[in-house]
Amino acid sequence: MAPVNRSMNVDMTVRLGSLELRNPVMTASGTFASGREYAEFVDLERLGAVVTKGVSMTAWAGNASPRIAETPSGMLNSIGLQNPGVEAFCQTDLPWLAARDVPIVVNVSGHSIAEYVAVAGRLDAEPDVDALEVNISCPNVDEGGMTFGTTCAAAGDVTRAVRAATSKTLIVKLSPNVTDITEIARAVEAEGADAVSLINTLLGMAIDTDTWRPKLARGAGGLSGPAIRPVAVRMVWQVASAVAVPVVGMGGIMNARDAAEFMLAGATAVAVGTANFVDPTTTVRVLDGLEQYCQERGIAQVSALTGALKA
Ligand SMILES: Cc1cc2nc3c(=O)[nH]c(=O)nc-3n(C[C@H](O)[C@H](O)[C@H](O)COP(=O)(O)O)c2cc1C
């Protein structure tokens, strides 16, 4: 391979709907809080965007503990969208984040369509919010969450209602726990999503063979981390060829090569989730590595990787 030309200027910008990002590396919701805890490890202003933990209308306590379990090459979680509610978010986390020069994507949760709409409407009034990511794919709540992401009709209904409530860039986050994710992607695109993000966690379970109890108090939970990456790459590849809107790819990204894999499969941007728990600097490592990956290959624009998979 030719020596790396580190002076080569790579255009790292990408576009999600009307939102231009300085680079394609975002955080995955729920693994980076609102960025505050990571600020001592990561210069947030280097990121493509910060995606917040899911925010609902009122505070949610989340599920009972234990709600995290380590699994081979991954983890299970059943956090259950614990958050302080949209009002508290707008008064505390949002101003803190808005003081940084980084696009803010707020992840939106709901028990009902009315709640999704109320949260989206509240956030629409906040000029510092750049985009909404609507989570119709959380496996860890009894009502709402994934139930909206597993049929085309429900996914379309939520998207249509939220679209009417906001003029901000609208990303809809898809569940992998479906037979055909492309149908859901098409349904949300038809109702006005500007982009889709995938994948949320895969339903999984682990059992303690000493106590004979599930490792998570809730029984099942969401599997994330490198264990799910091949599933995520396959789904991004399928969805990217099924819809015209940009795709944000995630699922087990640990390094720049993993991010490149998602982009080659068709992702315009990527998000780093579970890896933040292993190494809180993963996002910037992925970013620097992606730039170097382009330099090594004489690629002038990172966006040239998107969908460049060869047969
Ligand atoms: C502890 C934890 C909390 C999460 N919370 C949310 C959430 O609030 N909203 C959401 O859309 N996804 C949530 N996710 C899913 C991640 O954003 C991501 O889609 C998934 O973990 C796959 O990426 P990863 O393997 O890089 O973690 C959560 C994941 C984890 C591990």
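Just above, that's the structure.
Presented here is an overview of the structure given in this document. (Residues numbered from 1 in each chain as written. Predicted model: local features only at pLDDT ≥ 70, side-chain atom pairs only at ≥ 80, totals over all residues. Heavy atoms only, no water.)

Backbone torsion omega between S65 and P66 reads 0 degrees, so that peptide bond is classified as cis. For P66, the position within the fold is in the loop between β4 (50-51) and β5 (68-71). In this model, L198 is joined to I199 through a cis peptide bond whose omega is 15 degrees. Within the secondary structure, I199 is located in the loop between β10 (195-198) and β11 (202-205). Backbone geometry places L81, a non-glycine residue, at a positive phi of 60 degrees. Note that L81 resides in the loop between β6 (74-77) and α1 (86-91). A positive phi angle, near 65 degrees, is found at W212, a position not held by glycine. Topologically, W212 is positioned in the loop between β12 (207-208) and β13 (213-214). Judged by its relative accessible area of 74%, W212 falls in the exposed class. (Helix = DSSP H or I, 4+ residues; strand = E, 2+ residues; numbered from the N terminus. Buried < 20%, exposed > 50% of the residue type's maximum accessible area, 1.4 Å probe, protein only.)

One turn of the α-helix equals 3.6 residues, which is why residues spaced by three or four share an orientation. In this model, helix α3 (residues 113-124) (12 residues) spans 16 Å end to end at C-alpha, consistent with the 16 Å of a helix rising 1.5 Å per residue. Buried within α3 are the following residues: E115, Y116, V119, A120 and L123. Buried residues of α3, seen end-on, are gathered within an arc of 130 degrees and therefore sit on one face of the element. Elements that come into contact with the buried residues of α3 comprise α1, β7 (104-108), β8 (131-135) and α4 (152-165). (Expected span 1.5 Å × (residues − 1). Arc of directions from axis to C-beta. Contact = heavy atoms within 4.5 Å.)

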